[in-house]
Number of protein chains: 2
Amino acid sequence: MDKIFSTATYKERRAQLKKKMGSGVLLFLGNEESSSNFKDNWYPFRQDSTFLYFFGLDMPGLTAVIDVDQEVEMLFGDNLTTEETIWQGLHPPLSDLAIKVGVEKTKPKSEIAEFLASLSDRPIHFLPPYRPENSQKLASWFNKSLQEIPSMVSVEFIKAVVSLRSIKSDEEILEISKAVNISVSMHKKLMQQAKPGMKEYELLGLVTGEALSHGGNVSFPPIITIEGQILHNHNYSNTLLEGKMLLGDFGAESAMHYAGDITRTIPVGSSFSDSQKEIYQIVLNAYQTAVAALRPGIRFKEVHLLACKKLAEGLKDLGIMKGNLDEAVDQGVHALFFQCGLGHMMGLDVHDMEDLGEEYLGYTEDLKKSSQFGLKSLRLGKELEKGFVITIEPGIYFIPKLIDQWQAENLHSDYINYEKLAQYRNFGGIRVEDGYLITETGSRLLGEPLEIEIKDLEQLREKQSNL
Amino acid sequence: MDKIFSTATYKERRAQLKKKMGSGVLLFLGNEESSSNFKDNWYPFRQDSTFLYFFGLDMPGLTAVIDVDQEVEMLFGDNLTTEETIWQGLHPPLSDLAIKVGVEKTKPKSEIAEFLASLSDRPIHFLPPYRPENSQKLASWFNKSLQEIPSMVSVEFIKAVVSLRSIKSDEEILEISKAVNISVSMHKKLMQQAKPGMKEYELLGLVTGEALSHGGNVSFPPIITIEGQILHNHNYSNTLLEGKMLLGDFGAESAMHYAGDITRTIPVGSSFSDSQKEIYQIVLNAYQTAVAALRPGIRFKEVHLLACKKLAEGLKDLGIMKGNLDEAVDQGVHALFFQCGLGHMMGLDVHDMEDLGEEYLGYTEDLKKSSQFGLKSLRLGKELEKGFVITIEPGIYFIPKLIDQWQAENLHSDYINYEKLAQYRNFGGIRVEDGYLITETGSRLLGEPLEIEIKDLEQLREKQSNL
C-alpha cells in the first residue's frame with residue numbers, strides 16, 4: 001500500500017490530538033459507499049478527510065475511537081465474509097490494516113453501539129456529520145433524534161482538529177504539490193485542445209479523464225464555462241464561441257486525496273479582445289498584490305481587502321468606478337464586481353475542513369465574519385500561519401441581474417459609473433487562481449507554474465489554433 | 001432543453017400509470033445533491049430514474065404527486081432566490097419547467113408535509129427509497145421512524161412502474177442505442193490505447209473522459225482489470241502485464257440518463273495465448289447460444305441455463321468438466337466457473353429498476369428466484385417480452401479461493417476434474433457482454449457492433465502494438 005503515510009505519521013498525529021484534547025473519548029466516523037440511482041450503483045468512494053488524516057484507511061464501513069484517558073485506540077469494522085471474498089477478491093484483514101496505521105485493537109462493527117453505551121456518562125466527542133447516513137448512525141448509537149445531533153457536536157474536538165490539520169507537514173505539502181501538478185496538466189490539456197465549436201462537456205471529459213489517469217479524481221465538480229460570471233456553474237452545455245472567454249476552475253485530487261485547485265481564463269479563439277485584456281490585467285494585478293502580501297501574521301481578510309482595492313483601482317482607471325476608493329472598498333462597493341472571497345484553505349479537502357465550520361476554521365474569537373455583501377463570502381479571515389496552504393483567486397464578474405438590482409436602487413452611485421458599466425453588461429467574468437504555501441517569511445507557489453500572463457496564454461492558444 | 005422527451009410522452013406515461021393503479025395517491029421522490037467530503041462538495045447529480053421516466057425534470061429538490069382519483073398532478077419544489085440567481089445564473093421557474101412535462105400545478109417544497117397530512121386516511125403509495133435522505137424525508141412526512149419506512153412501500157405501485165418501464169418505447173430504444181454507441185467508442189479507445197506497462201487507472205481516465213465528452217457520464221463504476229476473475233472489482237492499481245488479459249466492463253449513460261453496458265476481454269499484448277483462446281471461444285459460444293435463444297415468451301432463466309450448458313460443454317472438451325452435463329448444470333456445477341447471472345434489464349438504470357426489487361422485476365408469482373449458488377445471482381428469470389432490453393454476459397472465472405473451497409469438500413467431483421482444473425488456477429477470467437432488444441420474433445443487437453471474435457480483437461490489438 002503506497003497510498004498511506006508511515007505508521008509513525010498517524011501515531012504522531014493522534015498523539016498530538018490526544019495532547020490537545022487532554023481527556024475524553026473521540027469518535028471518528030468513516031464514510032460509507034454512496035448510492036447514485038440504485039443502492040449498489042455507487043459514486044466513487046470518498047473517505048472522510050479527518051478519518052484519513054488520523055487513521056489513513058481508505059475504505060467504507062469504518063469507525064474509530066480514541067479513549068484519551070485510557071490511552072486506547074480502536075478501529076471498528078468488518079472483514080469480508082468468505083462469500084464476499086469470492087466476489088471481491090482477497091483483502092487483508094482489518095487487524096493487518098490497522099497495524100499499518102499503528103492501531104492495535106479492532107472490533108466488529110456490530111459492537112460500536114454497545115461499546116459507546118459502556119462509556120456511560122463520560123464525554124464522547126464527535127465532529128459535525130455532513131452525510132445523512134452518518135447522522136443516522138449517531139442518532140441510533142446515542143438513541144437521539146436526527147434533529148438533536150447537531151447540538152451534540154464537540155466544539156473542542158473541532159478546534160483541536162482544525163489546529164492540527166491547518167499546518168501542513170512536509171509530506172503533506174509534497175502530496176498537495178502532486179495534486180497541483182496534475183491540475184496543471186489538466187489545464188494544459190484544456191488550453192491545448194479547446195477550440196470554437198466545441199461543447200463545454202467535451203472539455204469536462206478531457207480534464208476529468210486526465211485527473212483519473214493519475215490514480216486520483218477531480219477534487220470538486222469542475223467549472224468549465226463561457227459564462228464565467230456565473231460563479232456556481234455546473235452546467236456544461238454551451239458551445240464555445242470565438243470572441244468569448246473560457247473560464248476553467250478545476251483541480252485534481254491525488255491518489256492520497258490531497259487537493260489541487262487552479263483557475264485560468266483564456267480566450268476561446270487565439271487572442272483576447274482589448275477590453276478582455278484590460279479586465280484580465282486588473283484581475284492579475286490584484287492576484288499579484290495578494291500574493292506579495294502573503295506572510296505569517298497577516299490576516300487573510302487584510303490580504304482580501306488589498307486585492308479588492310487593487311481591483312477597484314483598475315476599475316476606476318477604466319471609468320467604471322470613481323471617487324475615494326478606500327471609502328468604496330470599506331463600504332463593499334467592489335463586491336458588485338467581486339462578490340466572493342479571495343481564497344480558502346486547501347488540503348485533504350479542496351475547501352479544507354469546510355465540514356468543521358467556517359467560524360472555527362476561518363475566523364476566531366477576536367475576528368468574526370462580516371455580514372457585508374462580499375465579505376460574508378470570505379471563508380478565511382484570520383491570521384495566516386507558517387504551514388497554511390491557501391488559494392488566491394481574485395476575479396471580476398459582471399452579473400447583469402446584480403447590476404440591475406444595484407442600479408435600480410441607485411446603490412453606491414458615488415463610486416460606480418453605471419453609464420460606463422452598461423458597456424460591460426455582457427462581458428462575462430474572469431478569475432485566476434493558484435495555491436500557495438505560507439512560509440517563514442512569505443509564501444511559495446505550490447507545484448509547477450502554469451501560464452498566467454496574457455502574452456503567455458495567447459502564445460499557447462496561438463499554437464493551438466495553428467494545429 | 002433537448003434533454004427531455006415531448007410533453008405528450010410524459011403525459012401518456014402518467015396516464016398509463018393512473019390506469020394501472022386505478023386509485024390512490026402516488027408519491028415520487030426526486031433525488032437530492034449527494035455530498036462527498038463536505039456538504040457542498042457534491043458528486044455529479046443523478047436524478048431518480050422513475051422520477052425521470054414520469055416527470056423528466058433533471059434537477060435536485062423535487063417531489064411529485066399524482067392523485068389518481070382527483071386527476072391532479074403536482075410538482076413540489078422551490079425556485080431560486082434572488083441571491084441564488086446571482087451565484088447560479090437565471091433559471092426558468094419551476095412552473096415553466098413543469099409545463100414542459102405537462103404538469104400544471106406547482107407548489108413550494110415546504111408545503112409537502114401539510115399536503116400529505118391533508119390526505120388523511122387515503123392510501124399514499126411510494127417506492128422503496130435507496131438514499132438515506134429520502135428515507136428521512138418519508139419518515140418526517142409520515143411521522144414514522146426510519147425503521148418503519150420499508151414496510152410502508154407500495155408493492156402495487158412497484159408492479160405498475162415495473163410493467164411500464166420494462167417495455168421500452170422507440171424513443172427510449174434510440175436513447176439506449178446512443179448510450180451503447182458511446183460505450184462502443186469507450187471500448188475502442190481502450191482497445192487502441194491499452195499497452196503493457198500502463199496502470200489500469202490510466203484506462204479508467206481514458207474511458208470515463210470519453211463518456212463525459214458526450215454530455216453524459218459512466219453508467220456504473222467501470223471494471224477495468226487484469227484480474228477478471230474478481231467479479232466486483234473496482235480497484236485500478238494493477239500494471240498491465242504482457243501475457244495477461246484485460247477485462248473491461250463499462251458503459252456510458254447518455255445525456256438523458258439511459259445506460260449502455262458492454263464487456264470485452266482482450267489480450268494485454270497483441271494476441272491471446274492458445275489457452276486464452278480456448279476459454280474465450282467457449283465463452284463466445286455461450287454468448288451466441290444465448291443470443292440465438294432470445295425471443296418473446298422464453299424465460300430468461302432458460303436462456304441462462306442454455307448458456308451454462310454451452311459453457312459446460314466447452315469445459316468438458318478441455319477436460320475440466322466431465323460426466324453428464326445436463327445433470328451437472330441442473331446441480332449448478334458450472335457455477336464454479338460462472339458464478340453469476342447471464343444478464344439483466346437495462347434502461348434508465350444499468351441494472352434497470354434494481355431499486356424496485358428483484359422479486360418484482362425479474363421474477364413472478366409463478367417463478368421465484370432459486371437459492372442455488374449461481375442461480376441466486378441471476379437478476380432476471382422471467383419470460384421475455386417484446387420491448388425488453390437486456391444484456392447477455394456469460395463468462396468463465398477461475399477463482400482460486402472458490403476452487404480451493406469446492407475441492408476441499410470434494411464437491412461435485414463426478415463432474416469436475418480437479419487435477420486438470422489446477423492448471424487453470426491462475427488463468428483469470430473472461431467475459432463478453434452486449435445489450436439486446438427483444439423484438440417480435442427474436443432479438444436485435446443495440447447500437448453499433450463492437451469487435452468480439454478472437455481474430456478481430458487480435459487484429460485491432462496488432463494494429464495498436466505497431467503504433
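An unreviewed UniProt entry annotates chain A as Xaa-Pro aminopeptidase of Aquiflexum balticum DSM 16537. Heading Catalytic activity (unreviewed entry) of the UniProt record for chain A holds this comment: "Release of any N-terminal amino acid, including proline, that is linked to proline, even from a dipeptide or tripeptide." The record in UniProt for chain A states the following under Cofactor (unreviewed entry): "Mn(2+)".

**Q** Explanation requested: the interface of chain A and chain B in the structure shown.
**A** Interface size is commonly expressed as the accessible surface area that is lost when the partners come together. Facing 61 residues of chain A, the contacting portion of chain B comprises 61 residues. Both sides together, the interface formed by chain A and chain B hides about 4,800 Å², and carbon and sulfur atoms give 62% of it. At the junction of chain A with chain B, the criterion picks out two salt bridges. With a shortest N-O distance of 3.5 Å, Glu83(A) and Lys376(B) are connected by a salt bridge. Scanning the region where chain A abuts chain B turns up 23 residue pairs in polar contact (both at pLDDT 80 or more). Secondary structure elements with two or more residues in the side of chain A that touches chain B: helix 3 (82–88), helix 6 (132–142), helix 10 (200–212) and helix 15 (400–408) of chain A. If you tally residues by element for the side of chain A that touches chain B, the top one is helix 10 of chain A, at eight residues. Considered class by class, the residues forming the side of chain A that touches chain B number 25 nonpolar, 24 polar and twelve charged.

**Q** How do you make sense of the packing of aromatic side chains when you look at a structure like this?
**A** Any aromatic ring pair is given by two values, namely how distant the centres are and how the planes are angled relative to each other. Residues and elements named next belong to chain B. The tally for this structure, following the rule as stated, stands at 33 aromatic pairs over all chains. Ring geometry for phenylalanine 28 versus phenylalanine 55: centroids 5.0 Å apart, planes at 70°, classification edge-to-face. Pair noted here: phenylalanine 28 is in strand 1 (residues 25–29) and phenylalanine 55 is in helix 2 (residues 49–55), with a separation of 27 residues, a long-range link. Both residues of the pair, phenylalanine 28 and phenylalanine 55, belong to the buried class.

**Q** Teacher, can you tell me more about the packing of helix 11 (residues 274–293) of chain A against helix 12 (residues 300–317) of chain A here?
**A** When two helices pack together, you describe them by how their axes are tilted relative to each other and by the distance separating the axes. All names here are of chain A. At their nearest, the axes of helix 11 and helix 12 sit 8 Å apart, and the two run at 155° to each other. The angle between the axes of helix 11 and helix 12 places the two elements in the roughly antiparallel class. You can see that helix 11 and helix 12 cross each other, and the crossing is right-handed. Contacts between helix 11 and helix 12 involve Ile279, Ile282, Val283, Asn285, Ala286, Thr289, Ala290 and Ala293 from the first element and Val303, Leu306, Ala307, Lys310, Leu311, Gly314 and Leu315 from the second. Here the residues of the contact of helix 11 with helix 12 are counted per class, giving eleven nonpolar, three polar and one charged.

**Q** How should unusual backbone geometry be read in this particular structure?
**A** Only a minority of non-glycine residues have a phi that is not negative, and only a minority of peptide bonds are not trans. Phi is positive for Glu71(B), which is not a glycine, with a value near 55°. Assessed through its relative accessible area of 61%, Glu71(B) is described here as exposed.

**Q** Just to check I follow, could you spell out the relation of the copies chain A and chain B for this structure?
**A** Think of it as a corkscrew move, a rotation about one axis and a shift along it, taking one chain copy to the other. Overlay of chain A on chain B (RMSD 0.0 Å): rotation 180°, translation along the axis 0.0 Å. The superposition of one copy onto the other is thereby described by a two-fold rotation axis. Closest to the rotation axis within chain A is the C-alpha of Gly209(A), separated from it by 2.0 Å. Interface overlap between copies is the fraction of interface residues in one copy that are interface residues in the other; for chain A against chain B it reaches 100%, indicating a shared surface.

**Q** Looking at this structure, I do not really get the pattern of salt bridges. What am I missing?
**A** Working definition: two side chains of opposite charge can pair if their charged atoms are close together. Residue and element names in this part refer to chain B. Across all of its chains, the model carries 62 salt bridges over all chains by this definition. Note that arginine 13 is salt-bridged to glutamate 172, the shortest N-O span being 3.9 Å. Of this pair, arginine 13 sits in helix 1 (residues 7–21) while glutamate 172 sits in helix 8 (residues 170–193), and the two are 159 residues apart along the sequence. Looking at arginine 13, the relative accessible area reads 7%, which means it is buried.

**Q** How should the sheet that holds strand 15 (residues 443–445) of chain A be read in this particular structure?
**A** Strand-to-strand pairing in sheets goes through backbone hydrogen bonds, with the strands running parallel or antiparallel. Residue and element names in this part refer to chain A. Reading across from one edge, 11-14-15 is the order of the three strands in this open sheet, with antiparallel pairing throughout. Two strands in the sheet have a free side with no partner beyond their single neighbour: strand 11 (389–392) and strand 15. Strand-to-strand twist across the sheet, computed as the mean angle between neighbouring axes with direction ignored, equals 35°. Note: strand 11 against strand 14 (residues 434–438), four bridges, orientation antiparallel. Residue pairing in the sheet places isoleucine 390 in a bridge with tyrosine 436 of strand 14.

**Q** So what exactly am I meant to see when it comes to the sheet that holds strand 11 (residues 389–392) of chain B here?
**A** Residues and elements named next belong to chain B. Taken in spatial order, the three strands of this open sheet run 11-14-15, and their pairing is antiparallel. The open sheet has two free edges, formed respectively by strand 11 and strand 15 (443–445), since each of these has just one partner strand. This sheet shows a mean twist of 35° between the axes of neighbouring strands, independent of strand direction. Here strand 14 (residues 434–438) pairs with strand 15 via three bridges, running antiparallel. In the strand pairing of strand 15, isoleucine 438 is matched with serine 443.

**Q** Explain the UniProt feature "domain: Aminopeptidase P N-terminal" (unreviewed entry) in chain A to me, please; I cannot follow it from the model alone.
**A** Cross-referencing UniProt, the feature "domain: Aminopeptidase P N-terminal" (unreviewed entry) maps to residues 5–136 of chain A in the present numbering. The span residues 5–136 of chain A is 36% helical and 16% strand by assignment, and the distance between its end C-alpha atoms comes to 31 Å.

**Q** Quick question: what am I supposed to make of helix 10 (residues 274–293) of chain B here?
**A** Because an α-helix completes one turn every 3.6 residues, residues spaced three or four positions apart along the sequence face the same direction. Taking 1.5 Å of rise per residue, 20 residues should cover 28 Å, and helix 10 of chain B covers 29 Å from first to last C-alpha, within 8% of that figure. Among all positions of helix 10 of chain B, only Gln276(B), Ile279(B), Tyr280(B), Ile282(B), Val283(B), Leu284(B), Ala286(B), Tyr287(B), Ala290(B), Val291(B) and Ala293(B) are buried.

**Q** Got a minute to help me understand the domain arrangement of chain A in this structure?
**A** Residue and element names in this part refer to chain A. Segmentation of chain A into domains returns domain 1 (7–166) and domain 2 (170–466). Measuring from the centre of the C-alpha atoms in domain 1 to the corresponding centre in domain 2 gives 35 Å. Listed by partner, the interface residues are 21 residues for domain 1 and 20 residues for domain 2. Interface of domain 1 and domain 2: buried area, both sides summed, is about 1,600 Å²; carbon and sulfur atoms make up 54% of it. There are five salt bridges connecting domain 1 and domain 2. Here glutamate 253 and arginine 46 are joined by a salt bridge, their closest N and O atoms 3.0 Å apart. Counting the contacts that link domain 1 with domain 2 gives eight residue pairs in polar contact (both at pLDDT 80 or more). For the side of domain 1 that touches domain 2, the element with the highest residue contribution is helix 8 (residues 155–166), accounting for seven residues.

What counts, and where the lines are drawn
Residues numbered from 1 in each chain as written. Chains lettered and ligands numbered in written order. Predicted model: local features only at pLDDT ≥ 70, side-chain atom pairs only at ≥ 80, totals over all residues. Heavy atoms only, no water. UniProt positions renumbered as here; feature names shortened; annotations may be inferred. Contact = heavy atoms within 4.5 Å. Buried area = accessible area lost by both parts, 1.4 Å probe. Salt bridge = Lys/Arg side-chain N within 4 Å of Asp/Glu carboxyl O. Polar contact = N/O pair within 3.5 Å; in protein donor to acceptor, adjacent residues only side chain to side chain. Helix = DSSP H or I, 4+ residues; strand = E, 2+ residues; numbered from the N terminus. Nonpolar A, V, L, I, M, F, W, Y, C, P; charged D, E, K, R; others polar. Phe/Tyr/Trp six-rings, centres within 6.5 Å; stacked < 30°, edge-to-face > 60°. Buried < 20%, exposed > 50% of the residue type's maximum accessible area, 1.4 Å probe, protein only. Axes fitted to C-alpha atoms, helices over the stretch in contact; angles between N-to-C directions. Parallel < 35°, antiparallel > 145°, perpendicular 65-115°, else oblique. Left-handed = near helix turned anticlockwise from the far one by under 90°. Least-squares fit on C-alpha atoms with pLDDT ≥ 70 in both. Pairing = 2+ DSSP bridges. Expected span 1.5 Å × (residues − 1). Domains from an automatic or database assignment.

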